[in-house]
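Observations on chain architecture
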Amino acid sequence: MATRIYGWLAGLTASSALQRLRNQTQSRGGAALAVAWEVELQQEVPSLVAAEEGRQAAGRGTQWVFLGCPGVGKGTYATRLASLLHVPHIAMGDLVRQEIDHSTFQGIQLANAVNKGKLLPDEVVLSLLLKRLERGAACGESGFILDGFPRTISQAKILDQVTDIDLAVNLRLRNDVLISKCLGRRICVNCGKNFNLADINEESGGEGSRIIMPPILPPQACLSKMISRRNDTEEVIKDRLQVFASENEPVEDFYQKQGKLLDFDVPGGIPETWPRLLAALGLEEKESMPHKLVT
Ligand SMILES: Nc1ncnc2c1ncn2[C@@H]1O[C@H](COP(=O)(O)OP(=O)(O)O)[C@@H](O)[C@H]1O
């Protein structure tokens, strides 16, 4: 599949999709929002080719969603693919954290839910997504890779009414490894980059085959600036994995029925996983253009 820059937002800003998302946000609790927040394939390349043709016909950029448990590596691979495809990587968790950092009353309410590992109401995440898309539209962004949205069937249905998703990439990984990966997550408070201290080298037995995932260590400058996410405790992680399992299955089914689901079992660390993921997507790595960051 060729990697090019497309004029996706010609379609999106021409108001239709953004306006529909705006309408959805308002109709799904605009009043409550105004008060409380003021601010929610199976592995066959032919399906991907069809998705690519549909996207080109629509004259817009790649629109993919990334599904997968907390800690599976959605952020890592979505970021890389976004750079390769010249589209923005939009991570719902980042939008939520930015909201928590920047606001007062609303931020505290969001933080309470997030710290307990609960999903936020659709209205809230839709609103954050809408604001992010509008900021991107103003900067001429085209296409997207959404990471962490949709996470519920209602979110998937809303998104489906708003725009055509070309592909849903569903990353899968053993539960015991997921828990270790979540516990090992660190963020540098200075540069904002994510790292992972977990050094996974699990023998087979129990849940599956041997899996090797070396740590993603920070550069020297970040070493003393590393923090964990407040909700990355074992108790909360187990809770989140349970919430995830019950919420994600209907979303997988939804995209499966549309022939847009690509299930991908993460085989190990980045050097092993990245080329296999590219192959599963029918993509080749070429020199990518830097994407302008919208915060
Ligand atoms: N699509 C979503 N719907 C509802 N809440 C969400 C969504 N995405 C993120 N959140 C909230 O933001 C938090 C952080 O998200 P994220 O960074 O994706 O973390 P995790 O993958 O560990 O759950 C989630 O625990 C949840 O409270």
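Per chain, residue numbering runs from 1 following the sequence as it is written. With the structure being a predicted model, the display of local features is reserved for residues of pLDDT at least 70 and the display and counting of side-chain atom pairs for 80 or more, all residues being used for whole-chain, interface and lining totals. Excluding hydrogens and water, the side-chain figures rest on all heavy atoms present in the structure.

What follows concerns the overall build of the protein chain. In terms of regular secondary structure, the protein chain is built from twelve helices and ten strands. For every residue, the accessible area (1.4 Å probe, protein chains only) is compared with the maximum for its type, and the residue is labelled buried under 20%, exposed over 50%, or partly exposed between those bounds. The buried share of the protein chain, taken over its 295 residues, is 49%. Split by element, the accessible area of the protein chain, about 13900 Å² in all, is 53% carbon and sulfur. Only DSSP runs of H or I reaching four residues or more are called helices, and only runs of E reaching two or more are called strands; each is numbered from the N terminus. Working definition of accessibility: Shrake-Rupley area with a 1.4 Å probe, residue cover restricted to the visible protein chains.

Spatial strand order, β2-β3-β1-β4-β10: five strands in an open sheet with parallel pairing. Each edge of the open sheet carries a strand with a single partner, namely β2 (89-91) and β10 (261-265). Neighbour to neighbour, the strand axes of the sheet diverge by 20° on average, direction disregarded. Only heavy atoms enter the contact rule, under which two residues are in contact if any of them lie within 4.5 Å. Axes, fitted as lines to C-alpha atoms, cover a helix only where it is in contact. Angles between the N-to-C directions of the axes lie from 0 to 180 degrees. Taken strand by strand, helix α6 (residues 92-102) contacts β2 and β3 (144-147), and its axis lies near 60° from that of β2. Think of it this way: DSSP has to see at least two bridges between two strands before they count as a pair.

This brings us to the site of the ligand. Residues are counted as near a molecule or strand when any one of their heavy atoms sits within 4 Å of it. With respect to spatial proximity, 18 residues lie near the ligand, and among them Arg-97, Lys-118, Gly-148, Gln-155 and Arg-240 are the closest. Between the ligand and Arg-185 there is a distance of 3.0 Å, counted from an oxygen atom to a side-chain nitrogen or oxygen. Contacts to the ligand include Arg-240, whose side-chain N or O atom sits 2.5 Å from an oxygen atom. Contact with the protein chains covers 97% of the free accessible surface of the ligand, which is 530 Å². Throughout, the ten residues Ala, Val, Leu, Ile, Met, Phe, Trp, Tyr, Cys and Pro are labelled nonpolar, Asp, Glu, Lys and Arg are labelled charged, and all others, Gly among them, are labelled polar. Among the residues making up the shell around the ligand, the classes are represented as eight nonpolar, four polar and six charged. Pairs of N or O atoms within 3.5 Å make up the polar contacts considered here, provided that, within protein, one atom can donate a hydrogen while the other can accept it, and that residues adjacent in sequence are counted only when both atoms are side-chain atoms.

Along α6, the positions that sit buried rather than exposed are Met-92, Leu-95, Val-96, Glu-99 and Ile-100. Along the axis of α6, the buried residues cluster in a sector spanning 140°; they form a single face. The outward face of α6, more than 90 degrees from its buried face, is lined by the exposed residues Asp-101 and His-102. In this context, the arc is that of the directions from the helix axis out to the C-beta atoms.

Now for the packing of aromatic side chains. Here is the rule: rings of Phe, Tyr and Trp (six-membered ring for Trp) pair when centre to centre is within 6.5 Å. Planes less than 30 degrees apart are stacked, more than 60 are edge-to-face, and the remainder are tilted. If you walk through the whole model with that rule in mind, you get two aromatic pairs. Between Phe-254 and Tyr-255, the aromatic rings sit 5.3 Å apart at their centres with planes inclined by 80°, giving edge-to-face as the arrangement. Classification of Phe-254 as buried rests on a relative accessible area of 15%. When its relative accessible area of 1% is taken as the criterion, Tyr-255 is described as buried. Taking the ring centre of Trp-274 as reference, the NZ or CZ of Arg-80 above it sits at 5.3 Å. Only when the NZ of Lys or the CZ of Arg is both within 6 Å of the ring centre and within 35 degrees of the ring normal is a charge said to sit over the ring.

Right, let's get into the nonpolar core. For the purposes of this section, nonpolar cores are sets of buried Ala, Val, Leu, Ile, Met, Phe, Trp, Tyr and Cys residues that join through side-chain atoms within 4.5 Å. Counting 35 residues, the largest nonpolar core has Trp-64, Leu-81, Ile-145, Val-169, Leu-171, Leu-277 and Leu-281 as the members making the most contacts within it. The set of elements that each furnish at least two residues to this core consists of β1 (63-68), α5 (74-85), β4 (167-172), α10 (175-184), β8 (211-213), α11 (234-257), β10 and α12 (270-281). Sort the elements by how many residues they give to this core and α5 lands first, with six residues. Those residues in contact with Leu-81, other than ones at most four positions away along the chain, are Trp-64, Phe-66, Ile-145, Trp-274, Leu-277, Leu-278, Leu-281 and Leu-283. Among the nonpolar cores identified, the runner-up in size contains 31 residues, and Val-65, Val-124, Val-251 and Leu-261 belong to it.

The pLDDT averaged across the protein chain works out to 79; a share of 73% of its residues lies at or above 70. Each residue carries a pLDDT score, the predictor's confidence in it, ranging from 0 to 100. This stretch, residues 29-46, has a pLDDT under 50; its non-local contacts, to residues over four places away or in other chains, come to 47 contacts. Model confidence for the complex is summarised by a pTM of 0.76, with the ipTM given as 0.96.

This next bit is on α12. Expected helix span is computed as 1.5 Å times (number of residues minus one). Taking 1.5 Å of rise per residue, twelve residues should cover 16 Å, and α12 covers 16 Å from first to last C-alpha, within 8% of that figure. Where α12 ends, the next residue or the one after it, Gly-282, has phi of about 70°, a positive value.

In the sections that follow, a salt bridge refers to a side-chain nitrogen of Lys or Arg positioned within 4 Å of a carboxyl oxygen of Asp or Glu. Counted by the stated rule, this structure contains eleven salt bridges. Notably, a salt bridge pairs Lys-131 with Glu-99, separated by 3.8 Å at the nearest N-O pair. One end of the pair, Lys-131, is in helix α8 (residues 122-138); the other, Glu-99, is in helix α6, with 32 residues separating them in the sequence. We note a salt bridge from Lys-238 to Glu-234, for which the minimum N-O separation is 3.2 Å.

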